Amino acid sequence: MRVAVGDSRQTPPYPGLVSTGQASTDPLGSISGATIPTKGPKSVGVTKHSEYFGPLARLPLLPVAAAVFMAISVGASAAPAVQVSFDDVSDGKLPQGWTAAATNPTGPLAHWTVVADPAANSPPNVVSLTQISDRSGGHFNLAWAPGIRFQNGEIEVAVRADSGRGDQGGGPMWRVRDANNYYVARYNPLENNFRIYYVQNGRRIQLASAENVRVATGQWLTVRIVHNGFHIEGWIDGQRLLEFDDGTFPDEGGVGLWTKADAATSFDDLIVRTDD
């Protein structure tokens, strides 16, 4: 279900909801205290043709429509996009410019690699976490690209939870400063929830959570993040589930992929659209 600030007229896609009004503690002992307020339905007013267009209202209808279309066409421009399908990367490697890392490592780094997978979201390849050495709960596995810069816009990636006893799933990370400072969104099929956190100096703080989100282990889902200024939205498979404001990391940073502890996960079709 959507946790939202704003118009509540949309039909909730999932049957459960948890806002972060009640503090929750993560494995590192950090406590979230963010409250996600909700608003009632907004009234929808009707603006008269003459009130909206002003002097243009005295023009014939078709010229007005053409003028508006021209203004939109001239003023609008497509946001630059970076697309990483992993299909042009050799098996056993990460894409050029990507690096494996970890938050709070207590052992060797996990092994991330591009592998051929006939069940890929878009065959032939995916990038997967294939070998995990450190399974401690406070250990986060990262694969990220410092050169893919993101501040405002959208990030979208296909995620498949492959295995894990203590944890499963994962998701994108963004505005990454380094291995200890970033935003992250993750879906966990063991807990049936979708959450957004920030990690600051290695401590993970929960910002928002949507409960009763059910996508089984082994199934692909698409996580989409919209982040503009302080405003953040979290989407799964075309449904907006989370919406809130946070200003912990206001500047641009890198983009990457994230899992926790023993969560072995595959990713495909990363798209980064920037509004900058």
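Computed from a predicted structure; not experimentally measured. (Residues numbered from 1 in each chain as written. Predicted model: local features only at pLDDT ≥ 70, side-chain atom pairs only at ≥ 80, totals over all residues. Heavy atoms only, no water.)

(A) Spotlight on the environment of R186. In this fold, R186 is placed in strand β10 (residues 181-188). The exposure class of R186 is buried, given its relative accessible area of 5%. Apart from residues lying up to four places away in sequence, R186 is in contact with G170, G171, E191, N193, F194, R195, Y197 and W258. A polar atom in the side chain of R186 sits 3.1 Å from the side chain of E191. (Helix = DSSP H or I, 4+ residues; strand = E, 2+ residues; numbered from the N terminus. Buried < 20%, exposed > 50% of the residue type's maximum accessible area, 1.4 Å probe, protein only. Contact = heavy atoms within 4.5 Å. Polar contact = N/O pair within 3.5 Å; in protein donor to acceptor, adjacent residues only side chain to side chain.)

(B) Geometry of unusual backbone geometry. Omega for the bond connecting P123 with P124 falls within 30 degrees of zero, at 20°, which places this linkage in the cis form. The residue P124 is located in the loop between β5 (111-116) and β6 (125-131) in this model. Positive phi values are uncommon outside glycine, yet N104 reaches one of about 60°. Positionally, N104 belongs in the loop between β4 (99-103) and β5.

(C) Seen up close, the environment of A119. When you line up the elements, A119 lands in the loop between β5 and β6. When its relative accessible area of 44% is taken as the criterion, A119 is described as partly exposed. Along the chain, A119 and Q219 lie 100 residues apart, while their C-alpha atoms are 9.7 Å from each other. In this structure, A119 is in contact with R160 and W220, ignoring residues within four places of it in sequence.

(D) Up close: the sheet that holds strand β16 (residues 253-260). One open sheet holds the seven strands; their spatial order is β4-β7-β16-β9-β10-β11-β12, and the pairing between them is antiparallel. Single-partner strands in this sheet number two, and they are β4 and β12 (203-211). Averaged over all neighbouring strand pairs, the angle between strand axes comes to 30°, with direction disregarded. Inspection of the sheet shows β4 paired to strand β7 (residues 140-150) by five bridges, in the antiparallel sense. Paired with A102 across the two strands is N141, which belongs to β7. (Pairing = 2+ DSSP bridges. Axes fitted to C-alpha atoms, helices over the stretch in contact; angles between N-to-C directions.)

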